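Structural overview
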Amino acid sequence: ALVGATLIGLMTSHWIAGPIVRLNEASKKIAGGELDQTVEVKGVNELETLADSFNQMAEKLRQYFRTLEQTNEELEQRVIERTAAWRLSEEKFASAFRSSPDPIILSTLVEGRLIEVNDSFLQLGNYTLEEVIGYTAAELNIWVNLEDRNRIVQMLHESGVVRNQESNFRTKSGEIKTVLLSAEL
């Protein structure tokens, strides 16, 4: 009787443990990214229910990942489109900047370091690009009256914009030129 009970116990253990092992193996595969896992269990109602729940979960994961992949592709396309639009906008700005007949300077506000200038500015001041980029207006001695610069900076801090302010600038050769200055933050 003991041998019979042991054999029945082993068979029952195998009958219950087999589906659990298959569920465990499928779970590990799903965790590893293999989402096409399903488990079939016959004979033990509770394990059949667990297997059905597992299969539903696996299907939802597949759906979520398909949706995620589709969303990712859409986002990548948007990035490509926006990058192209940004480049076009940048090219238009650069073209307008370079070809403007008005002298234009892009500089830092606090120290007045020149970041970019157009050809009209270079011609007005008799400079080369290498002589001005990276230097401050003070280092180049451009402002005839530093109070003008301080006034312009103050106005920019207060309102963010300055329009048509008369000021005197010094060229590379020391010649003084009166200009109308406009600026924005």
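Residues numbered from 1 in each chain as written. Predicted model: local features only at pLDDT ≥ 70, side-chain atom pairs only at ≥ 80, totals over all residues. Heavy atoms only, no water.

1. Thoughts on the side chain of Asn 118
For Asn 118, the position within the fold is in the loop between strand 2 (114–117) and helix 3 (119–125). Taking the relative accessible area as the measure of exposure, Asn 118 reaches 0% and is therefore buried. Excluding residues that lie within four positions of it along the chain, Asn 118 makes contacts with Phe 97, Arg 98, Ser 100, Asp 102, Pro 103 and Ile 104. (Helix = DSSP H or I, 4+ residues; strand = E, 2+ residues; numbered from the N terminus. Buried < 20%, exposed > 50% of the residue type's maximum accessible area, 1.4 Å probe, protein only. Contact = heavy atoms within 4.5 Å.)

2. Focus on unusual backbone geometry
The phi dihedral of Asn 126 is positive, around 60°, even though this residue is not glycine. Notably, Asn 164 is not glycine yet its phi reads approximately 50°, a positive angle.

3. Quick notes on the nonpolar core
Ranked by internal contacts, the top residues of the largest apolar core, which has 17 residues, are Phe 121, Tyr 127 and Val 132. Secondary structure elements with two or more residues in this core: strand 2, helix 3, helix 5 (137–140), helix 6 (146–159), strand 3 (161–170) and strand 4 (176–184). Here this core gets three residues from one element, more than from any other, and that element is strand 4. With sequence-adjacent residues up to four places away left out, Val 132 is seen in contact with Leu 114, Val 117, Phe 121, Leu 122, Tyr 127 and Leu 140. Core analysis: the next-biggest nonpolar cluster, separate from the first, contains seven residues, Leu 23, Ala 26, Ile 30 and Ala 58 among them. (Core = buried A, V, L, I, M, F, W, Y, C linked by side-chain atoms within 4.5 Å.)

4. Examining the packing of aromatic side chains
Both the distance between ring centres and the angle between the ring planes are used here to describe each pair of aromatic rings. Evaluated as defined, the whole model comprises three aromatic pairs. Look at Trp 143 and Phe 169: their rings are 4.7 Å apart centre to centre, the planes differ by 40°, and that puts the pair in the tilted class. Taken as a pair, Trp 143 in the loop between helix 5 and helix 6 and Phe 169 in strand 3 lie far apart in primary sequence, 26 residues in all. For Phe 169, a relative accessible area of 12% gives the class buried. (Phe/Tyr/Trp six-rings, centres within 6.5 Å; stacked < 30°, edge-to-face > 60°.)

5. Here we look at the pattern of salt bridges
Tallied over the full model, the rule gives seven salt bridges. In this structure, the salt-bridge partner of Glu 184 is Arg 163, at a minimum N-O distance of 2.5 Å. Of the two residues, Glu 184 is situated in strand 4 and Arg 163 in strand 3; the sequence distance between them amounts to 21 residues. In the salt-bridge network here, residues are joined through shared partners; they are Glu 59, Arg 62 and Arg 66. (Salt bridge = Lys/Arg side-chain N within 4 Å of Asp/Glu carboxyl O.)

6. With respect to a negative patch on the surface
On the surface, Glu 69, Glu 73, Glu 74 and Glu 76 cluster together to form a negatively charged patch. Take Glu 76: it is sitting in helix 2 (residues 45–99). (Patch = residues over 30% accessible without salt bridge, like charges linked within 9 Å, V, L, I, M, F, W, Y side chains within 5 Å. Areas by Shrake-Rupley, 256 points an atom, 1.4 Å probe, with all protein chains shown as cover. Lys, Arg positive; Asp, Glu negative; His and termini not counted. Charge placed at Lys NZ, Arg CZ, Asp CG, Glu CD.)

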